[in-house]
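Structure at a glance
Take a look at the letters that make up each chain.
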Amino acid sequence: MTVAGQVHCEIDGALARVCLFNDGKFNAMSRAMWRSLRAIFLDLQNQQGLLCVTVRGMGGHFCAGGDIAEYPEFRFNESALRAFHEDEVWGGLSAMLDCDLPIVACIEGHCMGAGMEIASCCDIRLASASARFGAPIARLGFPMAPREAAQVVRAAGELTAREMLLGAVVLDAAEMKGRGFLNQVAPQEELVHAVEQRLEGMTRLAPQAARMNKQALRALARGDGVSAASLDSYRYADSAEHREGIAAFLAKRPPQFG
Amino acid sequence: MTVAGQVHCEIDGALARVCLFNDGKFNAMSRAMWRSLRAIFLDLQNQQGLLCVTVRGMGGHFCAGGDIAEYPEFRFNESALRAFHEDEVWGGLSAMLDCDLPIVACIEGHCMGAGMEIASCCDIRLASASARFGAPIARLGFPMAPREAAQVVRAAGELTAREMLLGAVVLDAAEMKGRGFLNQVAPQEELVHAVEQRLEGMTRLAPQAARMNKQALRALARGDGVSAASLDSYRYADSAEHREGIAAFLAKRPPQFG
Amino acid sequence: MTVAGQVHCEIDGALARVCLFNDGKFNAMSRAMWRSLRAIFLDLQNQQGLLCVTVRGMGGHFCAGGDIAEYPEFRFNESALRAFHEDEVWGGLSAMLDCDLPIVACIEGHCMGAGMEIASCCDIRLASASARFGAPIARLGFPMAPREAAQVVRAAGELTAREMLLGAVVLDAAEMKGRGFLNQVAPQEELVHAVEQRLEGMTRLAPQAARMNKQALRALARGDGVSAASLDSYRYADSAEHREGIAAFLAKRPPQFG
C-alpha cells in the first residue's frame, strides 16, 4: 500500500515551515497527511527555540480538499467515518489550534474544503490575488463535520460559511479579504516575499508574549471566558523578557529577546 | 376588521417563494403577517421535496419595518407588547431560524427594522444597489426586543447593530456588503436574475447535506457548541446521496441527487 | 509626585465630552488617567439629563498606549501588575462598558494598545483618514491582559487582534474600516464635523430606548443570552416616550423626547 501525500516540516532557525504535498491532487489531504499534520504540530509545540510556523502547499496550490480517491474505503461506514473526522481530521486541526506558536498561512491557488479548515486554524492569512476559496462539499453529497464547520465559521464568518456550504460558492482572494478572512492579498509573484517579511518581523518580537497571547486568544475563541485565563496571566511580571522590552523602550533602543 | 398585509408562499418545483406584501406600506409587517410568516415556515419545514426558500417583498421593497398603524391598539400595554414580540414576531423569526432548508433573501428598496430582522434570519442575502438598510426605531421611542436584536447583531455585526439602534443610521447596499451583511450586490435590473441563478445552482446540491449543514450551523449560532450536534453527525455514512456524490466525483460526471 | 496625564470631562447640554490628555506622550494612559476614566464614567452613568458621550484625545492623537515611563515602578511585581490590569485598566474599561449612554469615539492620529482598548469600549467609532491603529506590545515584551484582549477581539475581530498582537502590525484607517472596526472614516479636517453631526442626530432620539438598547447589547456582548434580559424588556410599554414616538410618526411630525 502506497501512502498518498505527505506533510513536510522543515526547521529554519526559529521558524518551522510546514508544507502540504499530494502530487497531482493540488495537495488534497489524505488520511496519512492528517495524521502527519497532527504529529508535526504536537512536535513543534514541544520544541525549544521556535518562534513561528508557516503553512503552505507545494506547487502553486494550498490544498484542494480531502483526497477523495480514499473515500470509498471508509466513508460509507458510520463508525469509520466518525473516526476519520473526529480523530484524524480533528486531530490535525486541534493540534494546530493548540499550538502556542503563531501560525502564518501562505495561500496560493486552491484553498477548498480541508484547505479552508487548515487555513482557518492559522492565526494570520496571506494569499495571492489568484487564490480561490470554497467548501463545495455539498456537490460530494455530504455536510461539513460540526467541529470543522465551527472553525470555518469562526474564521470566515457565518455569512461566508453558509454561502460556501449551502451554495457551493467559490470566492476569490479580494472577496475573501473583504469578508475578513485574509489579512493581506499580494500579487502572485510577491506573496512569498510578503510572507517572509511578516515572519522575519515576528521573530524579533517577544516569544513569551506570543505564547501567552495565543493562550488567551484560544480561550476566547473557545468561549471559555477570561476568568480561568486570568489566574496565571501575570506570572510574567518579573521575567527577563518583560524587563528587556520595557528597558529597551525607555532607552530608545531595539529590544533583544532572543 | 380588515387584515392588513399578507405573506404569500408559492411552491415552484423544489423551490418555495415567500413574498411579503402590505400594499402602500412598503410591506411593513402587520401582526397577521408575522403569524402568517410562522405558519408558512412551519409548513415548509414539513413538506417533502423542497430544496430552497427565497424571501422577497412585493413592489420594489423588501420590508419597511412594523405596521405602525396597528401599534396604538396593543403596544402601550406591557403584556400585550410582550406577547407581540415574544409570540408573534419571535414566532415568525424562530420558524425561519428553525427551517432546515437554505433561505435566500432578495432585497430591494427599504430593508428596515422588521426587514433587517427577517433578512438576518436568511442564510444568504443578495440586494440591489439601491437598497437601504436600518433600524431607526429609536425615532419611534422604543428599543429593539432582545431576541430580535440578537439576530441583527449576529448577521450585521455589533458595530452596525449599535450604529443602527443607537444612531438611527441608514446604510446603503455597498456599505452593508462591506459590513459583511450581504453576499452580493447587483444592479437593480440584474438582482432577480442573480437570485434565480443562485437558487438554480443550489437545487442541484445534495439536499441531505444542506439540512445537516443547517442544523450544525444553527447549533453554532445558538452557542450550543458541537458536542451534541456531533452525536448524529455521521448517520449519513451509508446514504444513497453520500454514495452518489463520491461516485459521481470519481467517475468525473455530475451527481444526480434528486 | 506629579500626576502624569489627565482625563477631562466637559458637560455640554445633553452631551458629555471626555478627552484624554497626556502632554508630549500622545495621550498615553497613566495609572491616574485609568482611575480618572473610571470615575468619570461612573459619574456620567448617574447623571440625569445626559444623552450621549464622546471620547477623543487632545492634540491630534487619540491615545498611543500606556504611559511606559511609569512601568518600571510596578510592572515587575506580579501582584502590582495584576492590580494594575484588573483594577485600574479594567476598572476604566468596565465603567465604559457599563455606561448606559451611547459612546462615540473620535479617533485621530495614534490609536495604539490602550487606545485600541478604549476605542473598543465605545459604541460607534469615527476616525480621520490619517489615524493609525495597532497594539504592538509584543515589542514591549508582554502580552495583552485577557479581559482587555477580549474587548479588542470583540470590536476589531479575531483576525485583526491576532495580527496586532502576534505580528505587531499597524493598520491605517481605511484598512480598519474594511476590517469592521470603524463606522466611518473622514478626511482629517472633516472629522470633528462628522462626529458633531452624529452626536446632534443622536440627541434627538429616544433616551430610554437608547439605554434599553445598550443594556440588551451589553448582555449579548457578554454572552449572557437573552432570557434574563427579556424579563424587563417590555416595561416601557406605557411610557410617555413610547407613546410620543408612535404618536409623532402617525401624525407625521418629528417626535419630541426631551
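Analysis parameters
What you see as residue numbers is a count from 1 along each chain, following the sequence as written. Each chain takes a letter, starting from A, and each ligand takes a number, starting from 1, following the order in which they are written. Only residues with pLDDT of 70 or above have their local features reported here, since the model is predicted, and side-chain atom pairs are shown and tallied only from 80 upward, although totals for entire chains, interfaces and linings are computed over all residues. Each copy is superposed on the other by least squares, with the fit set by C-alpha atoms of residues at a pLDDT of at least 70 in both. Throughout, a pair of residues is in contact if the C-beta atoms placed from their backbones lie within 7 Å. Secondary structure counts use DSSP, requiring at least four H or I residues in a row for a helix and at least two E residues in a row for a strand, with both numbered from the N terminus. Each residue receives one of three labels: charged for Asp, Glu, Lys and Arg, nonpolar for Ala, Val, Leu, Ile, Met, Phe, Trp, Tyr, Cys and Pro, and polar for the others, Gly being one of them. Should DSSP find at least two bridges between two strands, the strands are regarded as paired. The axes used here are C-alpha line fits, helices contributing only the stretch in contact, and every angle between their N-to-C directions lies in the interval 0 to 180 degrees. Convention used here: angles under 35 degrees read as roughly parallel, angles over 145 as roughly antiparallel, angles from 65 to 115 as roughly perpendicular, and any remaining angle as oblique. If you view the pair so one helix is near and one far, a crossing is left-handed when the near helix is turned anticlockwise from the far one by less than a right angle, and right-handed when it is turned clockwise. The predictor attaches a confidence to each residue, called pLDDT, with possible values from 0 through 100. Start and end points for every domain follow an automatic or database-based domain assignment. Counting other C-beta atoms within 10 Å of a residue's own tells you its class, since 20 or more makes it buried, 12 or fewer makes it exposed, and anything in between is partly exposed; those C-beta atoms are placed from the backbone.

Regarding the relation of the copies chain A and chain C
Expressed as a screw operation, the relation of chain A to chain C combines 0.0 Å of axial shift with a rotation of 120 degrees, fitting to an RMSD of 0.0 Å. Between the two chains, the operation in question is that of a three-fold axis. Of the C-alpha atoms belonging to chain A, the one lying closest to the rotation axis is found on Gly 178 of chain A, 3.8 Å away. Here only 5% of the interface residues in chain A have copies in chain C that are interface residues too; the copies meet through unlike faces.

Concerning the relation of the copies chain A and chain B
Expressed as a screw operation, the relation of chain A to chain B combines 0.0 Å of axial shift with a rotation of 120 degrees, fitting to an RMSD of 0.0 Å. Interface residue correspondence from chain A to chain B reaches only 6%, placing this contact among heterologous pairings that use different surfaces.

Digging into the interface of chain A and chain C
Listed per partner, the contact involves 39 residues of chain A and 35 residues of chain C. Secondary structure elements with two or more residues in the side of chain A that touches chain C: helix H8 (191-202), helix H9 (207-221), helix H10 (227-231) and helix H11 (240-250) of chain A. Taken together, the residues of the side of chain A that touches chain C sort by class into 22 nonpolar, 9 polar and 8 charged.

Observations regarding the interface of chain A and chain B
In this assembly, 35 residues from chain A lie in contact with 39 residues from chain B. Of all the secondary-structure elements, those providing two or more residues to the side of chain A that touches chain B are helix H2 (71-74), helix H3 (78-97), helix H5 (146-156) and helix H6 (158-167) of chain A. The element that contributes the greatest number of residues to the side of chain A that touches chain B is H6 of chain A, accounting for 8 residues. Tallied by class, residues from the side of chain A that touches chain B come to 20 nonpolar, 6 polar and 9 charged.

Brief notes about the sheet that holds strand E4 (residues 103-107) of chain B
All names here are of chain B. Within the open sheet, the 6 strands sit side by side as E1-E2-E3-E4-E6-E9. Their pairing is mixed. With one partner strand each, in any of the chains shown, strand E1 (6-12) and strand E9 (184-186) form the two edges of the open sheet. For this sheet the average axis-to-axis angle between neighbouring strands, irrespective of direction, equals 20 degrees. Strands in contact with helix H8 (residues 191-202) are strand E2 (15-21), strand E3 (52-57), E4, strand E6 (124-128) and E9; relative to E4, the strand with the most contacts, it is inclined by about 175 degrees.

Let's talk about the packing of H9 of chain A against helix H6 (residues 158-167) of chain C
Their axes nearest at 10 Å, the elements H9 of chain A and H6 of chain C cross at an angle of 165 degrees. When the axes of H9 of chain A and H6 of chain C are compared, the pair comes out roughly antiparallel. Between H9 of chain A and H6 of chain C the crossing geometry is right-handed. For the pair H9 of chain A and H6 of chain C, contact is made by Ala 210, Asn 213, Leu 217 and Ala 221 of chain A and by Glu 158, Ala 161, Arg 162, Leu 165 and Leu 166 of chain C, respectively.

Structural notes on the sheet that holds strand E7 (residues 132-134) of chain C
All names here are of chain C. Pairing within the open sheet is mixed, and its 3 strands lie in the order E5-E7-E8. Each edge of the sheet is formed by a strand with only one pairing partner; in this case those strands are strand E5 (110-112) and strand E8 (171-172). Here E7 runs beside E8; their pairing, made up of 2 bridges, is antiparallel. Residue Phe 133 lies in a different strand from E8, and its bridge partner there is Leu 171.

Some points on the confidence of the model for chain A
Per-residue confidence for chain A gives a mean pLDDT of 95; residues scoring 70 or more make up 97%. Taken together, the chains of this predicted complex give a pTM of 0.97 and an interface ipTM of 0.96.

Topic: the domain arrangement of chain A
All names here are of chain A. Once the domains are mapped, chain A shows domain 1 (6-202) and domain 2 (207-250). The distance between the C-alpha centroids of domain 1 and domain 2 comes to 27 Å. Among the residues forming the side of domain 1 that touches domain 2, the class breakdown is 3 nonpolar, no polar and 2 charged.

Things to note about H6 of chain A
All names here are of chain A. Taken across its 10 residues, H6 has 9 buried, putting it largely inside the fold. Listed in full, the buried residues belonging to H6 are Leu 159, Thr 160, Ala 161, Arg 162, Glu 163, Met 164, Leu 165, Leu 166 and Gly 167. In the segment just after H6, Ala 168 is the residue with positive phi, at about 55 degrees.

Observations concerning the environment of Asn 77 of chain C
Residue and element names in this part refer to chain C. Within the element layout of this structure, Asn 77 appears in the loop between helix H2 (71-74) and helix H3 (78-97). Asn 77 sits in the partly exposed class, given 14 other C-beta atoms within 10 Å. Considered as a pair, Asn 77 and Asn 213 are 136 residues apart in the sequence and their alpha carbons are 41 Å apart.

Brief notes about unusual backbone geometry
Residue and element names in this part refer to chain C. The phi dihedral of Asn 27 is positive, around 65 degrees, even though this residue is not glycine. With respect to the helices and strands, Asn 27 occurs in the loop between strand E2 (15-21) and helix H1 (31-46). Positive phi is not limited to glycine here, since Ala 168 has a value of about 50 degrees. Mapped onto the elements, Ala 168 comes out in the loop between H6 and E8. Residue Ala 168 is classed as buried on the basis of its 21 C-beta neighbours within 10 Å.

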